[in-house]
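Breakdown of the fold
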Amino acid sequence: SATAGPGPGTPGTPDAPGVALQTVASGLSSPLYLSSPPGDARLFVVEQGGRIRIVRNGTLAPTPFLDIGDRIASGGERGLLGLAFDPQYATTGRFYVDYTDPNGNTHISRFHVSNNADVADAASEQVLLTIDQPYSNHNGGQVAFGPDGYLWVGMGDGGSGGDPQGRAQNPADLLGSMLRLDVRGDCYTVPADNPFAAQAGARGEIWSIGLRNPWRFSFDRESGDLYIADVGQNEREEIDVATTAAGRGRGANYGWNRMEGTACFGSSSCDRTGLVIPVTDYTHTDGCSVTGGYVYRGSAIPSLSGIYFYADYCRGWVRSFRYANGAATEPREWASLKTGGQITSFGQDAQGELYVIVQGGTVYRIVSR
């Protein structure tokens with residue numbers, strides 16, 4: 001049952017329809033993410049230490065798809081953090097990862113598959129973008145292709161506490177931002193319609209600013225809306241939604257470090273002019289670190305269609321809401337989806353079915369019961 005707290009983050013609605021967790025794979029080492037190429041029945045699970053593992057028909061393949069453990073720094077909030085397959089992966093064999101190198105800096109790299117469909121060519125790495133990280137935490141790490149065909153990258157504010165250098169509010173700094181890159185060529189280019197593309201002194205890669213540590217963002221497969229779960233400082237966890245009507249947040253400022261969630265950060269008042277306010281947040285009486293998920297668009301549980309799922313890393317609960325008319329509606333907590341572990345991520349397969357990933361090494365599928 002939900003503990004008492006403010007707003008729609010703490011619903012008391014009982015489970016309906018009935019859902020449950022089904023174990024898909026176990027014995028993984030600090031799994032952080034799951035994805036599948038379009039039209040591909042395999043599941044690709046990211047392990048923080050630098051490996052990508054394949055699950056096929058419920059069996060974890062012994063040979064990693066990719067192992068770049070020798071190129072990364074892992075532990076805490078560092079490691080191999082994200083994976084995105086080219087929308088035309090079946091033809092191009094290209095995929096993209098986000099990891100921290102031995103110095104702790106972020107690399108956005110492209111790899112391609114080898115002649116063996118179950119093994120990537122580890123020597124094919126092409127580093128597209130390196131971003132210096134001043135501290136060890138708040139690396140972001142999500143990479144995903146948007147409905148526009150561009151690669152989106154979620155960057156944290158560089159770490160420490162309170163964003164001491166004000167990076168998240170600085171469009172000349174890639175940290176604390178959502179980036180949008182055209183990676184169709186050999187390198188990457190800046191899409192001409194990026195909001196800062198023509199602004200002197202700003203980084204054209206930036207799509208939106210004001211993020212602290214976006215730990216998992218996703219696009220609704222049906223509407224194209226962008227959901228961002230942004231980890232808070234000491235008080236509030238937030239979820240932002242950028243709709244297609246608002247250009248998916250083109251040039252948006254999500255408020256950090258002027259605001260934390262729906263509250264002013266470090267003071268009772270702040271200038272909220274031009275800031276995008278979260279659609280929902282919850283306080284640290286209710287959790288400690290938000291884990292963003294997906295809007296369900298699978299076919300196995302039609303009653304869940306259009307519902308966005310998210311979790312808290314510390315408490316292990318799973319909650320959901322339906323975004324409608326600019327608001328988070330139908331808030332619910334799912335007792336039957338509580339894993340008892342620390343939820344590091346959600347995943348979505350090629351069919352749109354959803355998965356819950358626990359740091360202890362287990363991947364679950366959300367199923368009807």
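Scroll up to find the structure.
The notes below deal with the structure included here. (Residues numbered from 1 in each chain as written. Predicted model: local features only at pLDDT ≥ 70, side-chain atom pairs only at ≥ 80, totals over all residues. Heavy atoms only, no water.)

1. Notes on unusual backbone geometry
Spelled out, the test is: To qualify as a helix, a DSSP run of H or I must reach at least 4 residues; to qualify as a strand, a run of E must reach at least 2; elements of each kind are numbered from the N terminus. Exposure categories follow from relative accessible area, calculated using a 1.4 Å probe and restricted to protein chains: below 20% of the type maximum is buried, above 50% is exposed, and the middle band is partly exposed.
Residue asparagine 257 follows tryptophan 256 across a cis peptide bond; omega there is 10 degrees. Of note, asparagine 257 is situated in the loop between strand 17 (236-242) and strand 18 (259-260). The residue asparagine 57 is not glycine, and still its phi comes out positive at about 50 degrees. Here asparagine 57 shows up in the loop between strand 4 (51-56) and strand 5 (59-60). The backbone of arginine 248 sits at a positive phi, close to 55 degrees, despite the residue not being glycine. Relative to the elements of secondary structure, arginine 248 occurs in the loop between strand 17 and strand 18. Among the residues examined, arginine 248 registers a relative accessible area of 18% and is labelled buried.

2. What to know about the environment of glycine 210
Counted only if it meets this: Contacts between residues were defined by any pair of non-hydrogen atoms, one from each residue, lying within 4.5 Å.
Structurally, glycine 210 is set in the loop between strand 14 (206-208) and strand 15 (214-219). Judged by relative accessible area, which is 0%, glycine 210 ranks as buried. Setting aside chain neighbours within four positions, we find glycine 210 in contact with Ala168, Gln169, Gly176, Asp230, Asn253, Tyr254, Gly255 and Trp256.

3. Structural notes on the pairing of strand 12 (residues 151-154)
The cut-off we apply is this: Any two strands are treated as partners once DSSP identifies two or more bridges connecting them.
Neither face of strand 12 is exposed, since Leu151 and Val153 on one face and Trp152 and Gly154 on the opposite face are all buried. Relative to strand 12, strand 11 (residues 143-145) runs antiparallel, the two sharing three bridges. Bridge pairing in strand 12 links alanine 144 to tryptophan 152. Here strand 12 runs beside strand 13 (residues 178-181); their pairing, made up of four bridges, is antiparallel. From the neighbouring strand, leucine 151 faces strand 13, where its bridge partner is leucine 181.

4. Some remarks on the nonpolar core
Within soluble globular proteins, side chains that are nonpolar tend to cluster in buried spots. Cut-off, in case you're wondering: Grouping buried Ala, Val, Leu, Ile, Met, Phe, Trp, Tyr and Cys residues that are joined through side-chain atoms within 4.5 Å yields what is termed a nonpolar core.
The biggest cluster of nonpolar side chains holds 37 residues, and the ones touching the most others in it are Ile52, Phe65, Leu83, Phe95 and Phe309. Counting residues per element, the ones that place at least two in this core are strand 3 (43-47), strand 4, strand 7 (80-85), strand 8 (94-100), strand 22 (307-312), strand 25 (343-348), strand 26 (354-358) and strand 27 (362-368). Core analysis: the next-biggest nonpolar cluster, separate from the first, contains 21 residues, Ile108, Leu128, Leu175 and Phe196 among them.

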